[in-house]
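Now for the letters of each chain:
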Amino acid sequence: MNTLEILQAYWWLLISVLGSALVFLLFVQGGQSMLHCNVSTAQRQLMVNSLGLKWELTFTTLVVFGGAFFASFPLFYSTSFGGAYWLWMLILLSFVVQAFSYEFRRKRGNIYGTRTYDTFLMFNGLVGCVLLGVAVGTMFFGGAFTVDKTNILNPGSPVISNWASTHGLEAIANWKNLFLGFAVFFLARTMASLYFINNIAGDSDLTSKMRRKALINGLVFAVLFVAFLVVLLLQSGYRFTDGGFEEENNIYLHNLLQMWWFGATLLIGVVLALYGIFRSAFDSKWNCGIWYAGIGAALVVLVLFAIAGYGNTAYLPSTIDPASSLCIANSSSSLFTLTVMSWVSLLIPFVLAYIVYVWAKMNARPMSETELKGDAHQY
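Residues numbered from 1 in each chain as written. Predicted model: local features only at pLDDT ≥ 70, side-chain atom pairs only at ≥ 80, totals over all residues. Heavy atoms only, no water.

Participant: So, the overall build of the protein chain: which residues are in play, and what are the values?
Facilitator: Scanning the protein chain from terminus to terminus reveals 17 helices and four strands. A globule of 379 residues ought to have a C-alpha radius of gyration of about 21 Å, and the protein chain, at 21 Å, matches this closely. Projected onto its principal axes, the C-alpha positions of the protein chain cover 65 × 45 × 40 Å. Looking at the protein chain as a whole, 51% of its 379 residues qualify as buried. Across the protein chain, contacts joining residues at least 24 apart in sequence account for 76% of those joining residues at least 6 apart. If you sum the accessible surface of the protein chain, you get close to 17,300 Å²; carbon and sulfur atoms cover 68% of it. Of the side chains in the protein chain, 20 bear a positive and 17 a negative charge, and the two mean positions are spaced by 16 Å. (Helix = DSSP H or I, 4+ residues; strand = E, 2+ residues; numbered from the N terminus. Rg over C-alpha atoms; globule rule 2.2 N^0.38 Å. Buried < 20%, exposed > 50% of the residue type's maximum accessible area, 1.4 Å probe, protein only. Contact = heavy atoms within 4.5 Å. Areas by Shrake-Rupley, 256 points an atom, 1.4 Å probe, with all protein chains shown as cover. Lys, Arg positive; Asp, Glu negative; His and termini not counted. Charge placed at Lys NZ, Arg CZ, Asp CG, Glu CD.)

Spelled out as structure tokens, the structure:
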């Protein structure tokens, strides 16, 4: 491998890590989707304040994820974000309404009432999770786009990538993408239940409800994820060769078998996730499931990104023009850009250390009714 190929692989790994972190942090959206699920007003307030301490982490990670794609693989950014814009605009809308809902739901003079903003939060919890899953699904099942780099020389219309007239709506209608979208949604709800068990104290009734929800949502997630995994491993795809893109049956299964360490990582992630879910559901004294299930889910997502991009695989196949498909080699930034950004990426461990520190400080005292009655800020 030459220097450019090493840097391309390095940045795809960073993209994969950011995607994994984003899926872990989607417990915020999962928790928002449960605000009216058989909980009292007091319990709902506890849930909102518990999530309110962490919602900015999810939002920031999503922005960094998109920014990293823009900097390292700009052709993907212009093709997917710029072409399938109805899909991405709906995702963005769901996160915008989340931001102002936390700001205004209990603000003095709020004429709409907290229930209106709670509905917005639930909208973000459902739409944000499902459509993010759909967007990632296009990286396996493709999108209706073409790429012609010579268009950059056309002064009248210097547009490299062109998407179908539906501009991403067709991705939402694809049942394979929806499999992944709803799997992400129920994973987020499962993670949220585990998070509430860990973060909220003093309400045994709410904790008991969350243990039941962790089990129910965890089982639904497991069924959906297994179904998605079967569909994925039977899916054909494109591999970039000296002769261009060539179709290959069961390409993701082949990637798992050829890169066996990712297959082992997938197995470890699944075991950790199931352990965290089921022990939390049946062990009334255990509250650490969020960490086991969270790390397990992050490892699984890391593997999914890895088999989508490594091995010269087209990580964004075109369903209408296979030659326009995107892989790591044909969509990355220049050697100079990747080199400069790689030096900047050395700051990432310090950023992660800061996040861990802030998380520990916010969790120093569990969320409780006593905490809310004090001088704590209420969302």
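Participant: Could you give an account of the environment of Leu132, with specific residues and numbers?
Facilitator: Looking at the element boundaries, Leu132 is found in helix α7 (residues 114-141). Setting aside residues no more than four positions away along its own chain, Leu132 makes contact with Leu26, Leu62, Trp88, Ile91, Phe95 and Val127.

Participant: Give me the lowdown on helix α11 (residues 251-258), citing residues and values where you can.
Facilitator: Taken residue by residue, α11 has Ile251, Tyr252, Asn255 and Leu256 as its buried positions. Buried residues of α11 fall within an arc of 140 degrees about the axis and therefore sit on the same side. Opposite the packed face of α11, turned more than 90 degrees from it, sit the exposed residues Leu257 and Gln258. Buried positions along α11 lie against α7, α10 (204-233), β3 (237-241), β4 (244-248), α12 (260-282) and α13 (289-309). (Arc of directions from axis to C-beta.)

Participant: Just give me the short version of helix α1 (residues 3-25), but keep the residues and values in it.
Facilitator: Note on helix geometry: an α-helix contains 3.6 residues per turn, so any two residues three or four positions apart are oriented the same way. For α1, built from 23 residues, the straight-helix expectation of 33 Å at 1.5 Å per residue is met to within 8% by its first-to-last C-alpha distance of 33 Å. Capping the start of α1, Asn2 holds a side-chain oxygen 3.2 Å from the backbone nitrogen of Leu4, two or three residues further along. (Expected span 1.5 Å × (residues − 1). Polar contact = N/O pair within 3.5 Å; in protein donor to acceptor, adjacent residues only side chain to side chain.)

Participant: I'd like a description of the pattern of salt bridges, backed by residues and values.
Facilitator: If the charged atoms of two oppositely charged side chains come close together, the side chains can form a pair. A complete count under the given rule lists four salt bridges for this structure. For the salt bridge of Arg105 with Asp118, the shortest nitrogen-to-oxygen distance reads 2.9 Å. Of this pair, Arg105 sits in the loop between α6 (85-104) and α7 while Asp118 sits in helix α7, and the two are 13 residues apart along the sequence. Between Arg279 and Asp283 there is a salt bridge whose closest N-O contact spans 3.2 Å. (Salt bridge = Lys/Arg side-chain N within 4 Å of Asp/Glu carboxyl O.)

Participant: I'd like a description of the packing of aromatic side chains, backed by residues and values.
Facilitator: Considering all chains together, one arrives at 46 aromatic pairs under this definition. Ring centres of Phe69 and Phe73 lie 6.2 Å apart, and the angle between their planes is 65 degrees; this geometry places the pair in the edge-to-face category. As far as the burial class goes, Phe69 and Phe73 line up, both buried. Cluster of aromatic residues (ring-pair linked, three or more members): Trp12, Phe65, Phe69, Phe70, Phe73, Phe76, Tyr77, Phe81, Trp88, Phe305 and Tyr315. One cation-aromatic arrangement involves Lys54 over Trp359; the distance from NZ or CZ to the ring centre is 4.7 Å. (Phe/Tyr/Trp six-rings, centres within 6.5 Å; stacked < 30°, edge-to-face > 60°. Lys NZ or Arg CZ within 6 Å of the ring centre and 35° of its normal.)

Participant: Talk me through the confidence of the model for the protein chain; I want residue IDs and the actual numbers.
Facilitator: Across the protein chain, the average pLDDT comes to 89, with 97% of residues at or above 70. Mean pLDDT across the elements of the protein chain ranges from a minimum in helix α17 (residues 369-373), with 67, to a maximum in α13, with 96. (pLDDT = per-residue confidence, 0-100.)

Participant: I'd like a description of the side chain of Ser324, backed by residues and values.
Facilitator: Mapped onto the elements of the fold, Ser324 is located in the loop between α13 and α14 (328-331). Ser324 gets classed as buried once you look at its relative accessible area, which sits at 3%. Separated by 2.5 Å, the side chains of Ser324 and Asp321 make a polar contact. Those residues in contact with Ser324 that lie beyond four places of it in its chain are Phe145, Thr146, Val147 and Ser318.

Participant: Could you give an account of the packing of α10 against α12, with specific residues and numbers?
Facilitator: Two numbers describe how α10 lies on α12: the axes approach to 8 Å, and their chain directions differ by 155 degrees. Classed by the angle they form, the pair α10 and α12 counts as roughly antiparallel. α10 and α12 meet at a crossing whose hand is left-handed. Here Arg211, Ala214, Leu215, Gly218, Leu219 and Leu229 of α10 come into contact with α12, specifically with Leu266, Ile277, Phe278, Ser280, Ala281 and Phe282. Tallied by class, the residues present in the contact of α10 with α12 amount to nine nonpolar, two polar and one charged. (Axes fitted to C-alpha atoms, helices over the stretch in contact; angles between N-to-C directions. Parallel < 35°, antiparallel > 145°, perpendicular 65-115°, else oblique. Left-handed = near helix turned anticlockwise from the far one by under 90°. Nonpolar A, V, L, I, M, F, W, Y, C, P; charged D, E, K, R; others polar.)

Participant: Residue-level account of the layout of surface pockets, with values.
Facilitator: Of the voids in this model, the largest pocket is the one considered here, and its volume is about 1,000 Å³. Lining the largest pocket are 31 residues; nearest its centre among them are Leu18, Ala21, Thr61, Leu352 and Ile355. Among the elements that line the lining of the largest pocket, the one with the most residues is α1, at eight residues. Among the residues forming the lining of the largest pocket, the class breakdown is 25 nonpolar, six polar and no charged. (1 Å grid on protein atoms, 1.4 Å probe; cavity = no way out; pocket = protein on both sides within 12 Å on 5 of 7 lines; lining within 4 Å. Points joined across faces, edges and corners; volume = space filled by probe spheres on them.)

Participant: Break down a nonpolar patch on the surface for me, citing the residues and quoting the values.
Facilitator: A contiguous nonpolar surface patch, about 780 Å² in accessible area, is contributed by Tyr85, Trp86, Met89, Leu90, Leu92, Leu93, Val96, Phe123 and Leu169. For the nonpolar patch, the element with the highest residue contribution is α6, accounting for seven residues. Residue position: Val96 is located in helix α6. Judged by its relative accessible area of 39%, Val96 falls in the partly exposed class. (Patch = residues over 30% accessible without salt bridge, like charges linked within 9 Å, V, L, I, M, F, W, Y side chains within 5 Å.)

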